[in-house]
Structure formats: C-alpha cells, structure tokens
Amino acid sequence: PPTETPAPTPTPVDTDAPVQLVQAWVAHWSTGNYGGMYDLVSTDIQKKLPREDFIRRYEEIETEAGLEQVTGEVTGEPDLDGAIPVTFVMQSKLVGEIKQDQTVPIVKDGENWRVQWTPSLIFTDLGDSGCVAFEGTRPTRGRILDRNGKVLAQDIVVARVGVIPGELTDEDAAVATLSDLLKMP
C-alpha cells in the first residue's frame, strides 16, 4: 500500500518585520545613528553608495538645514509596492518645524527586509544630487507713516564706521581723514 505523504507545513511569514524595520530606521535617524541606518539599506544600494558617503550626506544635510531633532512615526501598513507610510517631524533652528509625510520603500533582500534608499528619504523633494543649501533673506519692513503721510520709519541702507581708540596712533590725522571720506566737517 502507498504511504501517505504528509501535507507540507507553510513557512511562517513575519508580517510585522517590514514595519519593525522601518521603526528601527526611524529610531536610528532620531538618535543620529546614521551607521545604523546604513546597515538597514538594501545591498544593491550599499554597493553603489559607500557607508562613509551615506553618513557624511546625512551629517552635512543635518548641519546645513540646522536640524536639532528628528522624530518619526509609522502611520500605516505596507502598500502593494512595499512602501510603509511614515510622518517625519524635524526641528530646524533655521526654519522651525518641518513636517513630511513619506513612504519608506522596502525590499526583500535575501532573507531580510531592507530599506530601498533614495535621497528623497532625507527630504521628500531632494533629487539625486542630494544638495541642501540654506539661503536666508532678511524681510523688508514696510514704511510706517503718520496720518498725514509723513514717513516715520522705513528701511534704508546705512553705512557704519568704527574706530578702535587703542589702535589710533595719530588721532587728529584719523579724524581729518574720516571727515574727508565721510564728507562731514
């Protein structure tokens, strides 16, 4: 008589692993552990982007953007493309709060889940160049007028001249030279 073949037992799938991976990614970023983040990146990205370059990129962007704190929270389950939604909140000493809703792409890499990293995981609209530059502009102040239209306050360009008294050797000559340059008697 034929022997009965036992039914195959299904291989268990850890459906929480991708979410745990992204939670670890967020935790590493929150503590500035960029090496830990790199360890979670897929091997194909690691072959293209050396560890030192990855870490330097995050450190330089952190400095340029004035980031003082980064927090994040997984806000949903993986979608059909293997991306997990996360809301990141960054505190910048230059511009205040930066809030971004992102999706962190994940891939099965051998036996493990890994982050399929792109520069847009730093800032959503960051291109492949990955450059961040802060250019502050001082706002112009509107003119303040009295009820008759007379200007009380306005922005103007002002030059300032300073003298360090302890470094003057001939005070009379310095005063005469400044008087001529500034056209002030």
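Rules of the game
Residues numbered from 1 in each chain as written. Predicted model: local features only at pLDDT ≥ 70, side-chain atom pairs only at ≥ 80, totals over all residues. Heavy atoms only, no water. Helix = DSSP H or I, 4+ residues; strand = E, 2+ residues; numbered from the N terminus. Expected span 1.5 Å × (residues − 1). Contact = heavy atoms within 4.5 Å. pLDDT = per-residue confidence, 0-100. Phe/Tyr/Trp six-rings, centres within 6.5 Å; stacked < 30°, edge-to-face > 60°. Buried < 20%, exposed > 50% of the residue type's maximum accessible area, 1.4 Å probe, protein only.

Here we come to helix H5 (residues 171-182). Over its twelve residues, H5 runs 16 Å from end to end, which matches the ideal 16 Å to within 8%, given 1.5 Å per residue. Downstream of H5 by a residue or two, lysine 183 has a phi angle that is positive, lying close to 55 degrees.

This part is about the environment of isoleucine 45. Tracing the backbone shows isoleucine 45 in helix H3 (residues 43-48). Sequence-wise, isoleucine 45 and glutamine 116 are 71 residues apart; in three dimensions their C-alpha atoms are separated by 7.2 Å. Sequence-distant contacts of isoleucine 45, that is, excluding residues within four places in its chain, are made with Gln116 and Trp117.

Below, the discussion takes up the confidence of the model for the chain. Segments scoring low in pLDDT should not have their predicted coordinates read at a detailed level. Counting all residues, the mean pLDDT for the chain is 85, and 88% of those residues have values of 70 or more. Averaged pLDDT values for the elements of the chain fall to 87 in H5 and rise to 95 in helix H2 (residues 34-39).

One pass over the full model with this rule turns up seven aromatic pairs. On the numbers, 5.6 Å between centres and 90 degrees between planes, the contact of tryptophan 29 with tyrosine 58 is edge-to-face. With tryptophan 29 in helix H1 (residues 17-30) and tyrosine 58 in helix H4 (residues 51-65), this pair connects stretches of sequence that are 29 residues apart. For tryptophan 29, a relative accessible area of 3% translates into the label buried. With a centroid separation of 4.9 Å and an interplanar angle of 55 degrees, the aromatic rings of tryptophan 29 and phenylalanine 88 are classed as tilted. Residue tryptophan 29 is located in helix H1, and its partner phenylalanine 88 is located in strand S2 (residues 83-92); the two are separated by 59 residues in the primary sequence. Each member of the pair tryptophan 29 and phenylalanine 88 is classed as buried.

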